[in-house]
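What the coordinates show
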Amino acid sequence: MSSVCLCVFVRDFRVHQETKPISPSSFWLQKHVIVQREPHSPALHSLLNDIVFFLYSPFSVLIMYQIVQGTVGDLYPGPFTKPPKQKKWGRQGRPMLFAIILGVVLVMSAIVAWCYYSASLRRAEILKAELLDLKKDGFIIRNQEGDIIFRMLFRSGSLDLDSCSKEGGILRCDQSDTGKLNFFVQTVRPKDTVMCYRVRWEELEEGRSVEHAMSYNGSHWYGGAERAVQHWPMSVEGQEAPKPFITGDVYSNRQDFGSILERYWLSANATAIKINDSVPFHLGWDDKEKILRFQARYNDSPYKALPRKVAHAELSYRVCVGRDVTSIHKYMVRRYFNKPNKVPSEAVFRQPIWSTWALNKSAVDQEKILKYASDIQKHGFNCSQLELDDRYTSSYGEFEFDPEKFPNVSTMFQSLKDDGFHVSLWTHPFINYESTNFDVGVKRELFVREPSGQLPALVRWWNGIGGILDFTNPEAREWFASHLRALKTKYGVASFKFDAGETNYLPKQFSTYAPLHDPSTFTRRYTEMAIPYNDRAELRSGYQSQNISCFFRLIDRDSVWGYDLGLKSIIPTVLTISILGYQFILPDMIGGNPNGTLGSTGLPDRELYIRWLELSAFMPSMQFSIPPWAYDDEVVEIARKFTTLHETLVAPRMLELAGEVLHTGDPIIRPLWWIASEDEAAYKIDSQFLIGDDFMVAPVLEPGKQERDIYLPAGKWRSYKGEHYDNMKGPMHLTDYPVDLDEIAYFEWAG
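Bear in mind the structure is a predicted one, so any value in this text is a computation, not a measurement.

This part covers the side chain of Asp 249. Along the chain, the position of Asp 249 falls in the loop between strand 13 (239-244) and strand 14 (261-267). For Asp 249, a relative accessible area of 2% gives the class buried. Within the structure, the side chain of Asp 249 is placed 2.9 Å from the side chain of Ser 252, a separation counted as a polar contact. In contact with Asp 249, not counting residues within four places along its chain, are Asp 256, Phe 257, Ser 259, Trp 462, Glu 502, Asn 504, Tyr 505, Arg 540 and Ile 555.

Right under this line is the structure:
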């Protein structure tokens with residue numbers, strides 16, 4: 001490279017004999033001609049001036065060779081004549097010879113330095129993509145204004161930047177400080193307002209892991225998974241080593257990731273990240289460094305390499321940047337998420353579900369369910385469906401009613417049908433070892449098996465020990481489905497409540513009929529069993545299951561006020577799974593699950609129950625289990641008021657938005673920043689929400705309160721009391737806004 005630079009530098013300069021010393025004036029002129037011969041950068045211009053000055057300095061009167069502007073005529077001025085005899089260097093000329101040699105060395109050094117500098121500039125250009133700067137230890141993304149909006153650090157190794165090259169929109173590197181790898185960043189502009197970067201780091205040595213750390217400092221982030229303690233925006237505490245990002249039951253284990261999750265996160269900086277399905281993905285965090293740790297590994301992990309593929313860990317993902325948070329989320333949903341293909345039953349949107357669980361637990365029987373149905377009608381309530389929960393069979397894993405608890409099943413179903421009730425039944429994927437169906441499952445190899453594949457794997461769940469059906473096995477799927485069809489045919493069962501399905505109920509080491517690269521695929525396969533009943537079906541787990549097109553229920557809530565599976569956790573959880581693409585949401589039982597959280601009455605706190613009821617009335621569907629008449633007449637009246645409000649005001653709007661979901665995937669329940677992306681305050685509000693763009697709800701979620709502070713986005717709003725607020729110039733804050741016990745604050749767009 002330096003020789004090329006040297007040739008370019010000297011191509012228009014010649015060395016000629018001169019017998020007379022150089023005058024000061026000719027020295028300046030010759031120097032000026034040399035330096036100005038060709039255009040150079042200011043830095044090179046200054047450097048050449050200094051070199052020429054040095055060569056012409058103290059010894060200029062003795063120089064025998066002078067640099068001048070050369071031409072062909074200078075080299076061949078006329079007929080060839082024998083040159084005159086040159087003078088030999090004498091003692092006085094030796095210093096001059098030394099000066100010339102030193103000057104040449106300096107010129108060569110300057111040329112080499114300049115060429116190295118030019119190469120460095122070119123290398124710097126190679127390590128840049130549009131708005132992305134790649135460094136050896138990570139990369140940053142800037143917005144159009146030059147502000148850093150995304151930062152990713154490489155934790156498992158540093159890139160060798162000398163191994164990197166750029167071709168078109170792809171930056172590639174094949175070496176890190178730990179060995180060879182396959183790394184690239186590809187820039188893609190799918191539309192004018194969106195810029196995406198495909199990133200992939202693949203280790204080429206078996207057993208190595210890949211870890212990148214995403215900084216969440218300086219912005220608000222949303223998405224990921226349902227959690228036991230749910231906040232909006234996300235909040236993590238302490239330090240957690242990366243663990244498998246798979247579906248789990250957070251009610252049984254508060255440290256698990258939740259029943260519904262997707263590998264997707266969204267930032268208030270209008271940045272989104274989607275981890276590829278092929279990644280053996282583990283997630284950790286560190287609240288001191290303010291990072292989420294994204295790790296890919298196969299060692300000590302339930303992930304398995306694909307058949308006939310070497311287990312090289314690969315961490316690949318897409319980072320997309322948009323104009324604002326709402327538009328980038330819309331793009332990501334349309335590009336990467338499944339969408340429902342139908343709207344569930346209108347009746348489930350309009351009228352509440354009534355479950356037998358909270359009052360009866362597993363002691364439910366024929367007499368109790370008939371009385372429950374009678375009480376619903378006696379107190380003047382409608383019912384979309386009556387849900388017969390745990391436990392109506394003689395053992396877990398059976399599909400026939402226990403004859404002692406339900407002596408006249410057909411008569412019971414006919415009576416309920418005559419009274420206008422649709423009945424759904426609780427079901428699950430477990431077959432306990434005491435069930436008569438356990439032997440059937442063993443003989444027909446219907447269960448998930450231990451790693452060798454020779455024996456069924458026993459699992460422990462909240463109702464005992466048994467096998468878990470392998471829903472990757474077509475025979476197991478058909479066996480399970482045939483029993484559900486038989487119940488529907490024999491008794492007229494309307495649908496099913498599909499409980500469990502999380503991968504935490506799989507053994508730590510297991511094998512399945514079809515190998516599972518990602519354990520959460522088991523959840524997807526289980527949710528597919530609900531498709532024939534999705535008009536009224538209920539699921540609580542989901543992974544890539546948005547197109548199952550049924551209601552997804554939040555994991556059980558406790559009868560408490562706080563964020564730990566309490567009342568305050570409902571809005572953050574609903575917003576989170578809405579962002580993950582699940583729009584038909586059932587917010588679990590009004591009042592929560594009264595396990596160990598009851599007072600002396602044996603019921604959830606009365607005020608808590610009422611505030612829970614009011615919030616549920618503005619969700620896509622309502623579900624009672626503890627009935628309002630378990631309290632008093634005032635609670636019954638409040639319940640009638642809000643079930644009527646839900647059916648007449650809320651449900652029509654929900655159904656309209658549900659139809660739009662099929663085409664757009666946009667949330668029905670939306671965060672306030674959806675219409676206020678320019679306002680920092682909107683990104684932190686977790687106790688209000690929107691239904692569509694034009695209906696805002698602000699429930700009371702604190703005990704003993706009959707007022708609350710309310711944030712109104714910019715616009716024209718009309719309150720449920722008839723008050724008008726014209727705040728087109730910016731948002732408005734209503735302090736201590738009065739909300740009585742039998743009220744919930746809501747505002748409709750009046751523009």
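Bringing the sheet that holds strand 4 (residues 132-135) into the picture now. Judged by pairing direction, the sheet is antiparallel, and its 8 strands sit side by side in the order 3-4-5-6-11-17-16-13 without closing on themselves. Two strands close off the open sheet at either side, each with one partner strand: strand 3 (128-129) and strand 13. Taken together, the 5 bridges between strand 5 (residues 138-142) and strand 6 (residues 148-154) define a ladder with antiparallel strand orientation. Looking at the pairing, Ile 141 lines up with Phe 150 of strand 6.

A cluster of nonpolar side chains, Leu 97, Ile 101 and Val 105, forms an exposed patch at the surface whose accessible area comes to about 250 Å². Position of Ile 101 among the secondary structure elements: in helix 5 (residues 94-126).

With respect to the helices and strands, Thr 512 occurs in the loop between strand 25 (495-498) and helix 13 (521-527). A distance of 2.7 Å separates a polar side-chain atom of Thr 512 from the backbone oxygen of Ala 514.

Before going further, it helps to examine the sheet that holds strand 37 (residues 745-749). With antiparallel pairing, 6 strands are arranged side by side in an open sheet as 30-31-32-37-34-35. The open sheet is flanked by strand 30 (669-670) and strand 35 (724-727), the only strands paired with a single partner. With 2 bridges joining them, strand 30 and strand 31 (residues 689-691) adopt antiparallel strand pairing. The residue of strand 31 that forms the bridge with Ile 669 is Ile 691. Of the strands in this sheet, strand 30, strand 31, strand 32 (695-698) and strand 37 touch helix 16 (residues 633-664), which is tilted by about 80° from strand 31.

Ranked by internal contacts, the top residues of the largest apolar core, which has 155 residues, are Phe 401, Phe 498 and Phe 618. Top contributing element to this core by residue count: helix 16, with 12 residues. In contact with Phe 498, other than residues within four places in its own chain, are Thr 427, Phe 480, Leu 484, Tyr 526, Met 529, Ala 530, Tyr 533, Ala 537, Glu 538, Leu 539 and Arg 540. Ile 141, Phe 154, Trp 201 and Val 321 belong to the second-largest nonpolar core, a separate cluster that totals 50 residues.

On to the state of the cysteines. In the structure shown here, the tally under the stated rule is 2 disulfides. Covalently, Cys 164 is tied to Cys 173 through a disulfide, its sulfur atoms 2.0 Å apart. As the torsion about the S-S bond is roughly 105°, the Cys 164-Cys 173 disulfide counts as right-handed. A relative accessible area of 5% means that Cys 164 is categorised as buried. Classification of Cys 173 by relative accessible area gives buried; the value is 3%. In this model Cys 196 forms its disulfide with Cys 320; the gap between the sulfur atoms is 2.1 Å. Because the torsion about its S-S bond is 110°, the bridge between Cys 196 and Cys 320 counts as right-handed. Note that Cys 196 is positioned in strand 10 (residues 194-203) and Cys 320 in strand 18 (residues 314-321), a separation of 124 residues in sequence.

Mean pLDDT over the protein chain works out to 88, with 85% of the residues at or above the 70 mark. Overall, residues 1-44 carries pLDDT values under 50, and its contacts beyond four positions in sequence, including any with other chains, amount to 69 contacts.

What follows is about a negative patch on the surface. Together, Asp 160, Asp 162, Asp 174 and Asp 177 give the surface a local cluster of negative charge. Take Asp 160: it is sitting in the loop between strand 6 and strand 7 (164-167).

Quick look at the pairing of strand 7 now. Bridging between strand 7 and strand 8 (residues 170-176) involves 4 bridges; their strand directions are antiparallel. Following the sheet pairing, Ser 165 is matched in strand 8 by Arg 172.

Scanning all chains against the criterion turns up 5 cavities of 30 Å³ or more. Looking at the largest cavity, its volume works out to about 120 Å³. Residue lining of the largest cavity: 16 residues in total, with Tyr 392, Glu 398, Trp 426, Thr 427 and His 428 positioned closest to the centre. Put simply, the parts of the chain that give the lining of the largest cavity at least two residues each are strand 21 (423-427) and helix 12 (474-491). Looking at side-chain class alone, the lining of the largest cavity contains 9 nonpolar, 5 polar and 2 charged residues. As for the second largest cavity, its lining consists of Glu 202, Ser 278, Tyr 298, Ala 305, Leu 306, Lys 309, His 312, Glu 314 and His 517. Among the residues making up the lining of the second largest cavity, the classes are represented as 3 nonpolar, 3 polar and 3 charged.

Another point: the packing of helix 9 (residues 366-378) against helix 10 (residues 409-418). Running from N to C, helix 9 and helix 10 cross one another at 5°; their axes reach a closest spacing of 11 Å. Comparing their axes, helix 10 and helix 9 come out roughly parallel. In contact with Gln 366, Ile 369, Leu 370 and Ala 373 of helix 9, helix 10 contributes Val 409, Met 412, Ser 415 and Leu 416. The residue makeup of the contact of helix 9 with helix 10, split by class, is 6 nonpolar, 2 polar and no charged.

Structurally, Arg 525 is set in helix 13. Considering only alpha carbons, one finds Arg 525 and Asp 470, 55 residues apart in sequence, at a separation of 9.0 Å. In this structure, Arg 525 is in contact with Phe 471, Thr 472 and Arg 477, ignoring residues within four places of it in sequence. A distance of 2.9 Å separates a polar atom in the side chain of Arg 525 from a polar atom in the side chain of Glu 528.

This part covers the environment of Asp 564. Within the secondary structure, Asp 564 sits in the loop between strand 27 (551-553) and helix 14 (570-579). Classification of Asp 564 by relative accessible area gives partly exposed; the value is 38%. Distance in space between the C-alpha atoms of Asp 564 and Arg 227 is 9.0 Å, their sequence separation being 337 residues. Excluding anything up to four places from it in sequence, Asp 564 contacts Ala 228, Val 229 and Arg 254.

Calculation notes
- Residues numbered from 1 in each chain as written.
- Predicted model: local features only at pLDDT ≥ 70, side-chain atom pairs only at ≥ 80, totals over all residues.
- Heavy atoms only, no water.
- Helix = DSSP H or I, 4+ residues; strand = E, 2+ residues; numbered from the N terminus.
- Buried < 20%, exposed > 50% of the residue type's maximum accessible area, 1.4 Å probe, protein only.
- Polar contact = N/O pair within 3.5 Å; in protein donor to acceptor, adjacent residues only side chain to side chain.
- Contact = heavy atoms within 4.5 Å.
- Pairing = 2+ DSSP bridges.
- Patch = residues over 30% accessible without salt bridge, like charges linked within 9 Å, V, L, I, M, F, W, Y side chains within 5 Å.
- Areas by Shrake-Rupley, 256 points an atom, 1.4 Å probe, with all protein chains shown as cover.
- Salt bridge = Lys/Arg side-chain N within 4 Å of Asp/Glu carboxyl O.
- Axes fitted to C-alpha atoms, helices over the stretch in contact; angles between N-to-C directions.
- Core = buried A, V, L, I, M, F, W, Y, C linked by side-chain atoms within 4.5 Å.
- Disulfide = S-S within 2.5 Å.
- pLDDT = per-residue confidence, 0-100.
- Lys, Arg positive; Asp, Glu negative; His and termini not counted.
- Charge placed at Lys NZ, Arg CZ, Asp CG, Glu CD.
- 1 Å grid on protein atoms, 1.4 Å probe; cavity = no way out; pocket = protein on both sides within 12 Å on 5 of 7 lines; lining within 4 Å.
- Points joined across faces, edges and corners; volume = space filled by probe spheres on them.
- Nonpolar A, V, L, I, M, F, W, Y, C, P; charged D, E, K, R; others polar.
- Parallel < 35°, antiparallel > 145°, perpendicular 65-115°, else oblique.

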